[in-house]
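Given next are the chains, with one letter for each unit.
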Amino acid sequence: MNVLLSCVNTAASLIGFDLDAGVKFWFSPADRLRACGACLTDEALFVASDDTLTKISAAGGITGIHLPGPHNNLAHSVHVFPGMGIAVADTGNSRVLLYGFDLSAGISFEPLEGWPQAPEDALHLNDAIWTPHGIVASCFNYRPFRSVQIEGWPWRDKGYGLILSLEKYRGRNVGRILACGLDCPHSLFWHKDRLWCCSSSTGDLMRLSFTDNGSLHEEERIHITSDYFLRGAMPLEDGSLLLGGSSLRRQDSKGMALLRLMPDGAVCVYPVARTGEIYDILPWRSAMMRSICPQLTALPPVLGDEDQEYPPPCILPDGY
């Protein structure tokens, strides 16, 4: 089984990984295309990073748009909203932007609408997905924590994180808090009629259900790892869940790995690299990627960081 990883703060922004062999077989260097969140449709790969949303079409062609301000966007997750378009978490402006599949203008969901002069990255709103109960989003804090930074970031594991609903009524944003007490929530996904979420800083995977009044109830908290920052998730056909493990910012960092929660509760670890951070995990669609990979390889370098060396472009091997 092959998967596609999108990576941040890493020399390779996209990585093809063979789960059965436990090896990398392809990558795209980050000086060609920076990545944070990524998603696939039947026709294209969408990548969000910094102030841009990029579409790489399987039919050929790379297009992108610059996201609007006022703050730097710090774009994080990107997802398909069925029948609606592509949604990107505009983390810098604490909102979710929804565009058409052709990246045409869309609408904005803003939980801090009406808040005077919210600072950049006020809540660290990093993800939003469509569920049968509406749009839900994850964020690190219930207040503009960027304006009250405290040395040591004690909020990381003190339960300040939230899951929000994003709704509109007569053009106004009327979302509400669905769950609280989370630790750096990331990587929302809907699976088996439940909402799942990574509690990144504690290394826990959470399963939540909707109550009759529309709030979320924590059904189970599964401890996955104490060695990695847990972010990135994908259910597999055998009933296991594949999760991303990223470098913790400490001296005993174990780098970057995939963590597979088996149906019997065991956790299998697949080392990926000595350093780096996984953000998203996607299925590897061979027919599509055979068109997309050469387009990425042909991109010219656009970054010249003095303190960062990037690998040369990787050619997709035969058989993938």
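Positions within a chain are numbered from 1, following the residues in the order the chain's sequence is written. In keeping with the predicted nature of the model, local features appear solely for residues at pLDDT of at least 70, side-chain atom pairs appear and are counted solely at 80 or more, and the whole-chain, interface and lining totals rest on all residues. Side-chain metrics in this entry use all non-hydrogen atoms of the structure; hydrogen atoms and water are not considered.

Asker: Go over the sheet that holds strand 5 (residues 44–49) with me, naming the residues and quoting the values.
Answerer: Two strands pair if DSSP finds at least two bridges between them. Only DSSP runs of H or I reaching four residues or more are called helices, and only runs of E reaching two or more are called strands; each is numbered from the N terminus. Reading across the sheet, the 4 strands line up as 4-5-6-7 and stay open at both edges, with antiparallel pairing between neighbours. Edge strands, defined here as strands with exactly one partner in the open sheet, are strand 4 (37–40) and strand 7 (62–66). Between one strand axis and the next, the sheet turns through 15 degrees on average, direction left out of account. Pairing of strand 5 with strand 6 (residues 52–57) involves 6 bridges; the strand directions are antiparallel. From the neighbouring strand, L45 faces strand 6, where its bridge partner is I56. Contacts are residue-level and defined by heavy atoms, with any inter-residue pair within 4.5 Å sufficient. A fitted line through C-alpha atoms serves as each axis, taken over the contacting stretch for helices, and the angle formed by two N-to-C directions is quoted from 0 to 180°. Each of strand 4, strand 5, strand 6 and strand 7 touches helix 1 (residues 286–297); the most contacted strand, strand 6, lies at about 125 degrees to it.

Asker: An account of the side chain of R231 is needed here, citing residue identities and associated values.
Answerer: The residue R231 is located in strand 22 (residues 229–235) in this model. Whether a residue is buried, partly exposed or exposed follows from its accessible area with a 1.4 Å probe, protein chains only, as a fraction of its type maximum: under 20%, in between, or over 50%, in that order. Overall, R231 belongs to the buried group, its relative accessible area being 7%. The term polar contact refers here to a pair of N or O atoms within 3.5 Å; inside protein, the definition further demands a hydrogen-donor-capable atom paired with an acceptor-capable atom, and it admits residues adjacent in sequence only when both atoms are side-chain atoms. Within the structure, the side chain of R231 is placed 3.1 Å from the backbone oxygen of I278, a separation counted as a polar contact. Apart from residues lying up to four places away in sequence, R231 is in contact with V8, H186, S187, C198, S200, G244, S246, E277, I278 and Y279.

Asker: With reference to specific residues and values, describe the pattern of salt bridges.
Answerer: In what follows, salt bridge is the name for a side-chain nitrogen of Lys or Arg lying within 4 Å of a carboxyl oxygen of Asp or Glu. Counting across every chain of the model gives 13 salt bridges. In this structure, R231 and E277 form a salt bridge, with 2.9 Å as the shortest nitrogen-oxygen distance. Here the residue R231 occupies a position in strand 22, and E277 occupies one in strand 26 (residues 277–283), the gap between them amounting to 46 residues. Take R231 and E277: they sit in the same class, and that class is buried. Here R260 makes a salt bridge to D238, at a shortest N to O gap of 2.6 Å. Of the two residues, R260 sits in strand 24 (residues 256–261) while D238 sits in the loop between strand 22 and strand 23 (241–246), which places them 22 residues apart along the sequence. Several salt bridges converge on common partners, so that one network encompasses R194, R207, E219 and E220.

Asker: Break down helix 1 for me, citing the residues and quoting the values.
Answerer: One full turn of an α-helix is made of 3.6 residues, so residues set three or four places apart face in the same direction. Across its 12 residues, helix 1 extends 16 Å between first and last C-alpha, which sits within 8% of the 16 Å expected from 1.5 Å per residue. Residues of helix 1 that are buried include every one of M288, M289, I292, C293, Q295 and L296, and no others. For helix 1, the buried positions fall inside an angular range of 165 degrees around the axis, keeping them on one side. Multiplying 1.5 Å by the helix residue count minus one yields the expected span of that helix. The directions considered for the arc are those from the helix axis to the C-beta atoms.

Asker: Please provide a residue-by-residue account of the packing of aromatic side chains, values included.
Answerer: Pairing of aromatic rings covers Phe, Tyr and Trp, the last counted by its six-membered ring, and requires centre-to-centre distances within 6.5 Å; plane angles under 30 degrees mean stacked, over 60 mean edge-to-face, and any other angle means tilted. Counted under the stated rule, the structure contains 7 aromatic pairs. Centroid distance F25 to W284: 4.9 Å. Interplanar angle 80 degrees. Geometry classified as edge-to-face. With F25 in strand 3 (residues 23–29) and W284 in the loop between strand 26 and helix 1, the pair connects residues that are 259 residues apart, well separated along the chain.

Asker: How would you sum up the pairing of strand 3? Please name residues and give values.
Answerer: Sheet topology note: the strand 2 (residues 12–18)/strand 3 ladder contains 6 bridges and is antiparallel. The residue of strand 3 that forms the bridge with I15 is F27. Remark: 4 residues form the turn of the hairpin made by strand 2 and strand 3, two consecutive strands paired antiparallel; G22 in that turn has positive phi of roughly 70 degrees.

Asker: Lay out the nonpolar core in plain terms, naming residues and giving numbers.
Answerer: What tends to happen in soluble globular proteins is that the nonpolar side chains get buried as a cluster. The definition of a nonpolar core used throughout is a set of buried Ala, Val, Leu, Ile, Met, Phe, Trp, Tyr and Cys residues joined through side-chain atoms within 4.5 Å. Grouped together as the largest cluster of nonpolar side chains are 22 residues, with contacts concentrated most on L4, L14, W26, L45, W284 and L296. The set of elements that each furnish at least two residues to this core consists of strand 3, strand 4, strand 5 and helix 1. If sequence neighbours within four positions are ignored, W284 has contacts with N2, V3, L4, G16, F25, W26, M289, C293, L316 and Y320. One finds L125, A128, I135 and L164 within the second-largest nonpolar core, a separate group that totals 17 residues.

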